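# Report on the structure
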Amino acid sequence: MKILAIESSCDETAVAVVENGRTVHCDCIASQVALHRLYGGVVPEIASRKHMEAIYALADEALAKAKITRKEIDAVAVTYAPGLIGALLVGVNFAKGAALSLGVPLIPVHHIRGHIAANYIAYPDLEPPFLCLVLSGGHTLLADVRSYTDFAILGTTRDDAAGECFDKVARVLGMPYPGGPAMDKNASGGDPDRYILPQPHMTGNPLDVSFSGLKTASINLIHNAEQKGETLDVPSLCASFTKAVTQMLVPRTMQALAQTGYQKLAVAGGVAANSHIRAELEAECQKVGAALYLPPLSLCGDNAAMIGAQAYYEYLAGNVADQTLNACATMPIDTLTYD
Ligand code: KG4
Ligand code: ZN
């Protein structure tokens, strides 16, 4: 089954053709990142306009690259939630039109489910159940992937997502948007014990995480140094910050893995590209003999191949939509609605 997949939830317009959830015939991305960088973050209105400008040509380019004709497309899939509402609507309306004109089913895909499915492309043998640590720009959660379409949230952030935190601290340090990659690079040259940053004491679900205190403490530290005219050791601050994020995430992930009894841990989302988090997870999984699934960097960030992969399994589960499909800015991963 060949699925034409559309992604437009944030600042990347993406179109892919994916067969049977695993074989990627093409994965085209038109990134708007350089434009949003001028403003230090994503400007939603600009994002919607740029998606509109890019999507038709990108879909043609994707079919040409895949050497697949419109008639060979068996279904159209689209990210319909969560994300920037105006941006999502561009993809949803394009997908509706495409499905209608091609006379094929329309498959709505939850963006975070798509991030998890990036692992199915990278690892053709990976099948649920497994635990997935999801680290995207807007979401941080530990998901029990019970089947391709049945998820349980074991832990989540009480406030900011890890990605948001990387980006905010990087912005205050004067690094270009999105700051995660620059923080990662800088951290490699720094001393992770140079700055002491707080770890919150949390009650309630022991698998929940919190990043806003760490973000505020890091930003205050930068501002205080500026006010006192002190020179910051930027690589060491990046390293100390990354260490604090890693200490928040990795022990809880290993605890969740032990709790589920699974021997398989996957990681997903843009922050899954972080080399320090990847290394720590590798070391911990090795200690307990668990298999670790780390998508290549190209599949960590937003793309449409991951949407096409998840769409196949949503289709098999009967999760298709009609022309009343609407986009939705927020939506939990475990309970989907379509209008
Ligand atoms: O999953 P994603 O592409 O978009 C969303 O669905 O939100 O994630 C983007 C996030 C940004 O916050 C970006 O700074 C972060 O992923 N990111 C990283 C790295 N590469 C991207 N964060 C830390 N280290 C990295 N190497
Ligand atoms: Zn994403």
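Please refer to the structure placed before this passage.
The following refers to the structure shown. (Residues numbered from 1 in each chain as written. Chains lettered and ligands numbered in written order. Predicted model: local features only at pLDDT ≥ 70, side-chain atom pairs only at ≥ 80, totals over all residues. Heavy atoms only, no water.)

Turning next to the nonpolar core. Core analysis: the largest hydrophobic core is formed by 49 residues, its most contacted members being Leu173, Met183, Phe211, Phe241 and Val245. If one sorts the elements of this core by residue count, helix 8 (residues 234-260) sits on top with twelve residues. Beyond its immediate chain neighbours, meaning those up to four positions away, Met183 contacts Phe166, Val169, Ala170, Leu173, Met175, Cys238 and Phe241. (Core = buried A, V, L, I, M, F, W, Y, C linked by side-chain atoms within 4.5 Å. Buried < 20%, exposed > 50% of the residue type's maximum accessible area, 1.4 Å probe, protein only. Helix = DSSP H or I, 4+ residues; strand = E, 2+ residues; numbered from the N terminus. Contact = heavy atoms within 4.5 Å.)

Turning our attention to the site of ligand 1. Ligand 1 sits among 18 residues. The nearest are Gly137, Asp167, Asp184, Gly270 and Asn274. Contacts to ligand 1 include His111, whose side-chain N or O atom sits 3.1 Å from an oxygen atom. Asp167 has a polar side-chain atom sitting 2.6 Å from an oxygen atom of ligand 1. Those elements that provide at least two residues to the shell around ligand 1 are helix 4 (111-122), helix 5 (162-172) and helix 6 (180-187). Looking at which element gives the most residues to the shell around ligand 1, the answer is helix 6, with three residues. Here the shell around ligand 1 is composed, by residue class, of four nonpolar, eleven polar and three charged. Both domain 1 (2-115 + 299-316) and domain 2 (127-297) contribute no fewer than three residues apiece to the shell around ligand 1. (Near = heavy atom within 4 Å. Polar contact = N/O pair within 3.5 Å; in protein donor to acceptor, adjacent residues only side chain to side chain. Nonpolar A, V, L, I, M, F, W, Y, C, P; charged D, E, K, R; others polar. Domains from an automatic or database assignment.)

What follows deals with the environment of Val104. Looking at the secondary structure, you find Val104 in the loop between helix 3 (85-102) and strand 5 (106-110). Spatially, the C-alpha atom of Val104 lies 41 Å from that of Phe166, the residues being 62 residues apart in sequence. Dropping the residues within four chain positions of it, Val104 is found in contact with Ile73, Asp74, Ala75, Val76 and Ala99.

Turning our eyes to something else, we now look at the packing of aromatic side chains. Here the structure, examined in full by the defined rule, presents nine aromatic pairs. Measuring from ring centre to ring centre gives 3.7 Å for Tyr148 and Tyr313, while their planes differ by 5°; the resulting arrangement is stacked. Taken as a pair, Tyr148 in the loop between strand 7 (140-147) and strand 8 (150-156) and Tyr313 in helix 11 (residues 305-316) lie far apart in primary sequence, 165 residues in all. The burial state of Tyr148 is the same as that of Tyr313; both residues are buried. (Phe/Tyr/Trp six-rings, centres within 6.5 Å; stacked < 30°, edge-to-face > 60°.)

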